[in-house]
Structures are given as structure tokens and as C-alpha cells.
Amino acid sequence: MNEAKKGARVLVVDDEERNRRLLVAILEAGGYSVAEAADGKQALELARQNPPDIVLLDIMMPGIDGYEVARQLKADVATKAIPVVMVTALDDRESRLRGLEAGAEEFVTKPVDRNELRIRVRNLLRLKEFSDHLEQLVEERTAKLEAEIVERKRIEKEQARLVAIIEATPDMVATGDPNGHVLYYNRAGLRMLGFEPGLDVSTVRFRDTHPEWAAKLVAETGIPHAIEHGTWSGETALLRRDGREIPISQVIIAHKGSDGSVEYLSTIARDISVRKQAEEVLRQSEERYRLLFERAPDVIFALAPTGAIMSLNHAFETITGWPPAQWFGRPFQQLIHPDDQTRAGELFQLVLGGKRAPTFELRVGTAAGGHRDVEFTGFSSQLSGGRIEVQGIGRDI
């Protein structure tokens with residue numbers, strides 16, 4: 001079939017059966033599927049029940065004339081795209097204008113010329129097919145755009161949520177280009193560096209926000225490691241505008257494109273000033289304890305539950321003549337005079353069981369082969385992890 005797309009449906013509307021049969025014969029010969037309506041009411045019903053691809057519509061009909069049928073077809077969303085060809089014996093300009101106003105796309109004058117009818121129907125069907133295809137493309141594109149808009153709004157909402165989280169975090173979050181120019185600081189970052197809100201960060205370089213030693217560590221170790229492995233973490237420092245250093249725990253992340261090149265760098269930094277202060281207080285406390293432990297005139301010792309010597313201070317060497325390290329891990333009973341060992345073991349078990357033993361005297365051997373009288377006091381302590389030690393003091397009397 002070279003005139004019509006296969007299966008194209010044509011609705012022929014004419015109150016005279018002879019005219020309908022003529023039109024049906026012409027159209028069926030052209031390969032069209034044809035339905036008939038004898039009046040305007042039936043035409044509207046058929047068009048709405050099973051919309052045709054084109055309507056051939058007589059104008060002069062009793063009841064609902066062709067103009068009104070065309071107007072109603074064009075007013076209905078389901079049928080407004082159907083091309084209407086008015087078949088009429090009227091050939092005056094006014095009748096054609098009325099037909100155009102009613103929505104007709106073409107006119108065929110009675111008596112109908114077979115070739116003219118076929119050409120007009122074919123051309124209108126081609127236009128409709130193109131229009132339908134175009135409408136489908138528009139609908140598909142519109143649906144795609146709507147989906148893209150929905151997705152974009154979802155992404156924007158997620159981005160807004162992430163930005164809100166980043167801006168609320170007490171840690172610095174910053175991004176920069178591979179050359180070290182800052183692209184973004186969150187509020188915490190600006191505050192940590194002493195910058196005013198609203199600062200044009202494009203004027204800032206990362207290396208200027210670190211003291212020299214930290215900038216060197218970041219440039220020579222942190223960034224190269226992040227580029228090679230994705231991330232780097234370590235302890236560095238920030239340099240505030242007022243010159244004060246802030247110790248930080250820093251993570252550097254290299255963000256790469258599909259070709260493997262670095263597109264930008266990001267960093268997260270946490271102020272660890274409080275932790276560093278606590279570590280310094282602890283270090284000083286441990287130093288004071290170490291000095292006290294080493295300088296005490298009395299022996300300070302710790303024993304494992306087995307009786308093995310765990311620690312001794314320097315006073316042990318002063319009293320016995322033995323270096324403390326020589327006795328680490330050995331049973332304390334080996335230091336005790338044989339006649340005192342039974343009593344020493346009983347007192348050790350008493351203290352290990354959680355009871356505080358009264359001050360007691362034992363004879364302790366010396367490196368010179370003699371013995372010294374030592375007054376002891378001891379107690380048990382539970383260390384981290386549940387480990388038990390017997391600790392105490394021994395005084396040379």
C-alpha cells in the first residue's frame with residue numbers, strides 16, 4: 001500500500017447513504033479501514049468510542065450539522081487532534097471560513113474527485129502521523145525533563161542537607177585546587193583560622209594557614225600520599241591570623257576525575273588543643289611520679305600475683321647493692337632470708353587477697369652476701385584490664 005499507512009482508520013459522516021458508499025469505496029480501494037456514521041450524533045459517539053485517524057465530514061446534515069460536529073470534536077481532548085476534512089457542495093468563501101473556524105483542516109467539494117480525495121486524505125494522515133510522532137517526542141522529552149528536574153531537586157536537597165551538616169560541624173572542612181588555592185572553608189574553618197565570615201577565600205593559599213613545619217609536612221608527605229593512595233591522615237597544626245598555632249588532627253583527600261587526574265583536594269581538621277593539653281598534664285604528672293619513684297630513699301616495688309618482681313626503684317640498689325633490672329621477673333622470696341621466707345609468703349598471700357597487712361620486718365639479702373633488716377608495708381591494686389599487683393614500700397632499718 002503506497003497511499004496510506006497500513007490500518008489507518010477513516011470515519012465517513014454523511015446523512016445520504018449513496019454519498020457514504022461512494023466515499024467508502026474510494027477509501028477502501030486506497031487501503032484504508034472505513035467506519036460510517038449517518039448523522040452528527042452517531043459520528044461523535046463513534047469518534048469518542050474508537051477515535052479514527054481522520055474524519056470525512058458532510059456539512060449539511062439534519063440535527064447536528066458538520067460545523068457543530070467539528071467544533072465538538074476539536075473541543076474534546078480525546079479527539080481534538082483528529083484531522084477533519086469537510087465534504088460539501090458549498091464552495092463559497094463564507095462556508096469555508098465557518099468550516100475553518102469550527103476546526104476543519106481541509107475541504108473536498110462535491111462531486112468528489114477520487115484522486116483529490118486520496119491525496120488530501122494521504123497528506124493529512126502524513127501530517128497527523130508526523131504530528132503524533134512529534135507530540136510523542138515532546139511528551140517523552142517533557143517526561144525526561146520532569147524526571148531530571150525531580151532528580152535535580154533531590155540532589156539539591158541532599159546537597160543542602162550536606163552543606164548544613166558541614167556548616168554545623170565543629171571541625172574544619174575545606175577544599176582547594178591542586179595548586180593549593182583555597183576554594184571553600186566552612187564556618188568552623190574560618191573561626192579556627194581567625195578569619196571573618198564572608199572572607200573571599202580565593203585570596204588564601206593552604207600553605208599560608210600552616211606554620212612552616214606543618215606546611216612542609218603537608219606539602220611533602222600529606223598531599224603526595226593522598227594523591228597516590230586517596231587519603232592521608234596525621235597530626236599537623238594551623239596558623240591563625242594572630243600567629244597562634246593550633247594543633248590539629250588532619251585528613252587530606254584527593255578527588256580524581258575519570259582520567260585519574262586530581263580535580264581538587266579536601267581536608268578535614270579537628271582542633272586537638274584540649275587533648276594536647278591533657279597529654280602534657282599527664283606527661284608532667286608521669287615525670288613527677290618518675291622522679292619521685294627514682295629519688296625516694298625507700299624501696300618502692302611491685303609484685304605479680306605469682307610473686308615475680310615487676311618493678312623496683314633506684315633505692316633497691318642503694319640498700320642491696322643489686323641493680324633493679326637484675327631481679328625483674330624473679331621471685332621475691334629469693335631475696336628473703338631463708339628463716340623469713342615462710343612468713344614472707346604468708347604475708348604476701350594475705351595482701352594479695354585484698355587485706356592490708358600490718359607493717360612487718362624481713363631480712364633481705366645483699367649483693368655482698370649479707371642481709372639488711374627492712375620494714376615493709378604492702379597493699380594490692382587492680383590495674384586496667386583487671387590485672388592485680390601487690391605494691392609496697394620497704395625501708396632500711
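Predicted model, so just to flag it, every value in this text is computed and none were measured. (Residues numbered from 1 in each chain as written. Predicted model: local features only at pLDDT ≥ 70, side-chain atom pairs only at ≥ 80, totals over all residues. Heavy atoms only, no water.)

S.K.: In this structure, what is going on with the overall build of the chain? I would like to understand it.
M.R.: Summing up its helical and strand segments, the chain has ten helices and 15 strands in all. Taken over the C-alpha trace, the chain has a radius of gyration of 50 Å; the compact-globule value for 397 residues is 21 Å, which it surpasses by more than 25%. Once local pairs closer than 6 in sequence are excluded, the contacts in the chain between residues at least 24 apart make up 45%. When the accessible surface of the chain is split by element, carbon and sulfur atoms take 53% of a total near 23,300 Å². Put simply, the chain has 52 plus and 62 minus side-chain charges, and the middle of one group is 1 Å from the middle of the other. (Helix = DSSP H or I, 4+ residues; strand = E, 2+ residues; numbered from the N terminus. Rg over C-alpha atoms; globule rule 2.2 N^0.38 Å. Contact = heavy atoms within 4.5 Å. Areas by Shrake-Rupley, 256 points an atom, 1.4 Å probe, with all protein chains shown as cover. Lys, Arg positive; Asp, Glu negative; His and termini not counted. Charge placed at Lys NZ, Arg CZ, Asp CG, Glu CD.)

S.K.: Any chance you could explain the side chain of Asp53 here in plain terms?
M.R.: Structurally, Asp53 can be placed in the loop between helix H2 (40–49) and strand S3 (54–58). Look at Asp53 and you get buried, because its relative accessible area is 8%. A distance of 2.7 Å separates a polar atom in the side chain of Asp53 from the backbone nitrogen of Arg9. (Buried < 20%, exposed > 50% of the residue type's maximum accessible area, 1.4 Å probe, protein only. Polar contact = N/O pair within 3.5 Å; in protein donor to acceptor, adjacent residues only side chain to side chain.)

S.K.: How should I be thinking about the environment of Arg207 in this particular structure?
M.R.: Relative to the elements of secondary structure, Arg207 occurs in the loop between helix H6 (187–193) and helix H7 (212–229). For Arg207, a relative accessible area of 55% corresponds to the exposed category. In this structure, the C-alpha to C-alpha distance between Arg207 and Leu239, residues 32 residues apart in sequence, is 9.6 Å.

S.K.: Please clarify how the sheet that holds strand S15 (residues 388–396) should be interpreted in this entry.
M.R.: Whether parallel or antiparallel, the strands of a sheet pair through hydrogen bonds between backbone atoms. An order of S12-S11-S15-S14-S13 is seen for the five strands of this open sheet, with the pairing classed as antiparallel. Looking at the sheet topology across the chains shown, the edges are occupied by strand S12 (309–312) and strand S13 (360–365). When the angles between neighbouring strand axes are averaged without regard to direction, this sheet yields 35°. Against the sheet, helix H10 (residues 341–352) makes contact with strand S11 (299–303), S13, strand S14 (371–382) and S15, and its axis sits at roughly 125° relative to S13, the strand it touches most. (Pairing = 2+ DSSP bridges. Axes fitted to C-alpha atoms, helices over the stretch in contact; angles between N-to-C directions.)

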